[in-house]
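Coordinate analysis (summary)
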Amino acid sequence: MATTKIWPVRDSLKRVVDYASNPEKTSEDDLASVIRYAMNGDKTIADTTEKTEKACYVTGVNCSADTALEEMINTQMLFGKTGGNVAYHCYQSFRPGEVTPEQCHQLGVELARRMWGDRYQVLIATHLDRDHLHNHLVCCSVSFIDGKKFNDNKAAYSKLRRLSDEICRKEGLSVIEKPRGKTPRQIHFAEKNGEPTNR
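Every value quoted in this text rests on a predicted model; they were computed, and no experiment measured them. (Residues numbered from 1 in each chain as written. Predicted model: local features only at pLDDT ≥ 70, side-chain atom pairs only at ≥ 80, totals over all residues. Heavy atoms only, no water.)

**What about the overall build of the protein?**
We count it as follows: The secondary structure listing takes helices from DSSP runs of H or I that are at least 4 residues long and strands from runs of E that are at least 2 residues long, numbered from the N terminus. Every residue pair with non-hydrogen atoms within 4.5 Å of one another is taken to be in contact. For the area figures, the Shrake-Rupley method with a 1.4 Å probe applies, and any residue is considered shielded solely by the protein chains shown.
A count of helical and extended segments in the protein gives 7 helices and 5 strands. The helix and strand sequence of the protein, counted from the amino end, reads β-α-α-α-β-α-β-α-β-β-α-α. Nonlocal contacts in the protein, meaning residues at least 24 apart in sequence, comprise 74% of its contacts between residues at least 6 apart. Within the structure as shown, the protein displays about 11,500 Å² of accessible surface, and the carbon and sulfur contribution to it stands at 49%.

**Considering the packing of aromatic side chains**
Given two aromatic rings, one states the distance between the centres and the angle between the planes to describe the pair. Here is the rule we go by: For Phe, Tyr and Trp, where Trp contributes only its six-membered ring, two rings pair if their centres lie within 6.5 Å, and the inter-plane angle classes them as stacked under 30 degrees, edge-to-face over 60, or tilted in between. Accessible area is worked out with a 1.4 Å probe on protein chains only. A residue is then buried under 20% of its type maximum, exposed over 50%, and partly exposed in between.
Summed over all chains, the structure comprises 4 aromatic pairs. Summarising the aromatic geometry, the rings of Y120 and F150 are spaced 5.8 Å apart at their centres and angled 80 degrees between planes, so their arrangement reads as edge-to-face. One end of the pair, Y120, is in the loop between α5 (101–116) and β4 (122–127); the other, F150, is in the loop between β5 (134–140) and α6 (154–170), with 30 residues separating them in the sequence. F150 shares its class with Y120; the two are buried. Grouped by ring-pair contacts, the aromatic residues Y88, W116, Y120 and F150 constitute a single cluster.

**Some remarks on the sheet that holds strand β3 (residues 87–94)**
So the rule is basically this: Paired strands, as defined in this entry, are two strands with at least two bridges between them according to DSSP. In this analysis, axes come from line fits to C-alpha atoms, helices being fitted only over the stretch in contact, and the angle between any two N-to-C directions falls in the range 0 to 180 degrees.
Spatially, β1-β3-β5-β4-β2 is the arrangement adopted by the 5 strands of the open sheet, whose pairing is antiparallel. The open sheet has two edge strands, β1 (2–9) and β2 (58–61), and neither has a second partner. Averaged over all pairs of adjacent strands, the angle between strand axes in this sheet comes to 15 degrees, irrespective of strand direction. As paired strands, β3 and β5 are joined by 7 bridges and run antiparallel to one another. Pairing of Q92 across the sheet is with N135, part of β5.

**Some thoughts on the side chain of Q92**
Stated formally: Distance and chemistry together define a polar contact, namely a pair of N or O atoms within 3.5 Å, with one atom able to donate a hydrogen and the other to accept it when in protein, and with adjacent residues in sequence counting only for side-chain atoms on both sides.
Take Q92: it is sitting in strand β3. For Q92, a relative accessible area of 0% puts it in the buried group. Within the local environment of Q92, its side chain forms a polar contact with the side chain of S164, the two groups lying 3.0 Å apart. Filtering out sequence-adjacent residues up to four positions away, Q92 remains in contact with A2, T3, T4, L107, G108, L111, L133, H134, N135, L137 and S164.

**Re helix α4 (residues 68–78)**
Quick note on the threshold: The arc refers to the directions leading from the helix axis to the C-beta atoms.
When α4 is considered as a whole, its buried residues turn out to be A68, L69, M72, T75 and Q76. For α4, the angular spread of buried residues about the axis comes to 130 degrees, placing them on one side. The exposed set on the far side of α4, more than 90 degrees from its buried face, consists of M77 and L78. Looking at the buried residues of α4, the elements they touch are α1 (13–20), β4 and β5. Once α4 ends, the next one or two residues include G80, with phi positive near 65 degrees.

**Examining the state of the cysteines**
We count it as follows: Only a pair of cysteine sulfur atoms within 2.5 Å qualifies as a disulfide here.
Applying the stated criterion across every chain, the model contains 0 disulfides. No disulfide involves C139; its sulfur sits 6.8 Å from that of C140, the nearest cysteine. Note on C168: no disulfide assigned, nearest cysteine sulfur contributed by C104 at a separation of 9.5 Å.

**Topic: the pairing of β4**
Of all 6 residues in β4, 6 are buried, a share of seventy percent or more. Here β2 runs beside β4; their pairing, made up of 4 bridges, is antiparallel. Within β4, the residue paired with V61 across the bridge is V122. Between β4 and the antiparallel strand that follows it, β5, lie 6 residues.

See below:
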């Protein structure tokens, strides 16, 4: 079951790219990586103490993950569109335990490719720092093809949610069949903290 949301970024492209690609949120520590690898029934590891790499879940679509910020800024400058909404920040969040980090990231990359892959630069970062694995997708607001800005409206959000649901169904994951409207922020946090609400 993936939930999705999209909102405009008006203040700083750097801030949102830095937040999404933060290594503290996107990297597995050595032990978790080794355990996940060892649990794969098709593989075995003779000596886990020699495993020192970190698995990092950051990918760029139409840009390099390492230079996404610079590439997005260059696109905006090329077309003279550096003001207004500089990017769109989205998330795709899964139920705890429903996906592995690898699967979560692959689903986020597929969503980005299907939603924006032919026109926009997108950074996809899978955050592993919560019980619910989730993807952050940062989409440059300006098309690298023709300089047109992405039109974030209800139809765009509906498309994002529909594509995410299609991808989840294809992978055999649960889907929210009758999504309710947006929960007001104060009620969300009250429910999260176990406080009584009128819902």
